Amino acid sequence: MMRLFHSPGSCSEGILLLLEEIGAPFEVEVIDLKQQAQRDPAYLAVNPKGKVPALLRPDGTVLTEFPAIALWLARSFPETGLLGDGLEGEVRALELVDFIVASLHMRGFTLFVVPQKFSPDPLVQAALVAHGRSEAAKGLAHLSERLGDQVYLLGAFGIADAAAWYVLSFAKATGTELPDNLSALHARIAARRS
Ligand SMILES: N[C@@H](CCC(=O)N[C@@H](CS)C(=O)NCC(=O)O)C(=O)O
């Protein structure tokens, strides 16, 4: 059975959503980031990078990094249609997932939510917060443009929407202003049965 190493409220929410959508059996092990559980030796033995998400697969191997886990799940359960058609569908999905994880999350939200991770200096932290907010706003504007008036980012629900789900939840939790179509996307995903 698959096991997701997950911290509620973190980016692993996007992988949890994909597992629920797929409907294959899985279990969840909570790694509470607030308690610094990602640094426990037992978890470092699972993922030496000390990050969530990590996915233990039925063959006993562990996969890390959101885009890799999302791609593996979508390819392993093709009947769920979580990737678009053919190579073009796949690269367009990965293009969005990577943008959301590497730019919007890492260079936007991370900088303004946890600036203390990067510097103890309050002046440096203030600059990181300002930069992170501006990167997040720019990134959300780009995502809004990509979504336009579609129902989901690439038409049908897929891995890009699962990545959007967690980052839009970060936006809601931090009171970040969202374009109307992204607020609607967040509500639409929240209303899915999964
Ligand atoms: N590049 C990684 C990023 C994972 C990541 O940064 N996860 C955060 C939670 S959203 C984490 O585990 N932070 C704990 C830490 O940095 O100590 C991925 O794509 O999965």
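Right, let's walk through the structure included here.

Definitions and limits used
Residues numbered from 1 in each chain as written. Predicted model: local features only at pLDDT ≥ 70, side-chain atom pairs only at ≥ 80, totals over all residues. Heavy atoms only, no water. Core = buried A, V, L, I, M, F, W, Y, C linked by side-chain atoms within 4.5 Å. Buried < 20%, exposed > 50% of the residue type's maximum accessible area, 1.4 Å probe, protein only. Helix = DSSP H or I, 4+ residues; strand = E, 2+ residues; numbered from the N terminus. Domains from an automatic or database assignment. Contact = heavy atoms within 4.5 Å. Axes fitted to C-alpha atoms, helices over the stretch in contact; angles between N-to-C directions. Parallel < 35°, antiparallel > 145°, perpendicular 65-115°, else oblique. Nonpolar A, V, L, I, M, F, W, Y, C, P; charged D, E, K, R; others polar. Pairing = 2+ DSSP bridges. Right-handed = clockwise from strand over helix to strand, strands pointing away. Near = heavy atom within 4 Å. Polar contact = N/O pair within 3.5 Å; in protein donor to acceptor, adjacent residues only side chain to side chain. Areas by Shrake-Rupley, 256 points an atom, 1.4 Å probe, with all protein chains shown as cover.

**Here's the deal with the nonpolar core**
Phase 1 of the analysis: The biggest cluster of nonpolar side chains holds 50 residues, and the ones touching the most others in it are Ile-15, Leu-73, Phe-109, Leu-153, Ile-159 and Leu-185.
Phase 2 of the analysis: Contributing elements (two or more residues each) for this core: strand S1 (2-6), helix H1 (12-22), helix H3 (66-76), helix H4 (86-113), helix H5 (122-147), helix H6 (159-173) and helix H7 (180-190).
Phase 3 of the analysis: Take this core: its biggest share by element is 11 residues, from H6.
Phase 4 of the analysis: The two domains that each donate at least three residues to this core are domain 1 (2-80) and domain 2 (86-190).
Phase 5 of the analysis: Among all residues touching Ile-15, those that are not within four sequence positions of it are Leu-4, Pro-53, Phe-66, Ile-69, Ala-70 and Leu-73.
Phase 6 of the analysis: Grouped together as the second largest cluster of nonpolar side chains are 7 residues, Ile-31, Tyr-43, Ala-54 and Leu-56 included.

**Re the packing of H5 against H7**
Phase 1 of the analysis: As a packed pair, H5 and H7 sit with axes 9 Å apart at the nearest point and diverge in direction by 75°. By the angle between their directions, the pair H5 and H7 is classed as roughly perpendicular. Residues Leu-140, Leu-143, Ser-144 and Leu-147 of H5 form the contact with H7, whose participating residues are Asn-181, Leu-182 and Leu-185.
Phase 2 of the analysis: Residues belonging to the contact of H5 with H7 are distributed by class as follows: 5 nonpolar, 2 polar and no charged.

**Regarding the pairing of strand S2 (residues 26-30)**
Phase 1 of the analysis: The pairing of S1 with S2 spans 5 bridges and is parallel. Residue Arg-3 lies in a different strand from S2, and its bridge partner there is Glu-27.
Phase 2 of the analysis: The parallel pair S1 and S2 is bridged by H1, and the resulting crossover is right-handed.

**Quick look at the site of the ligand**
Phase 1 of the analysis: Residues in close proximity to the ligand total 16 residues, the closest being Cys-11, Gln-38, Lys-51, Val-52 and Glu-65.
Phase 2 of the analysis: One of the side-chain N or O atoms of Gln-38 is found 2.8 Å from an oxygen atom in the ligand.
Phase 3 of the analysis: Interatomic distance of 2.9 Å between a backbone N/O atom of Phe-66 and an oxygen atom of the ligand.
Phase 4 of the analysis: Starting from 510 Å² of accessible surface for the ligand in isolation, the protein chains cover 86%.
Phase 5 of the analysis: Within the residue set of the shell around the ligand, elements represented by two or more residues are H3 and H4.
Phase 6 of the analysis: It is H4 that contributes the most residues to the shell around the ligand, 3 residues altogether.
Phase 7 of the analysis: Across the shell around the ligand, the residue classes tally to 8 nonpolar, 4 polar and 4 charged.

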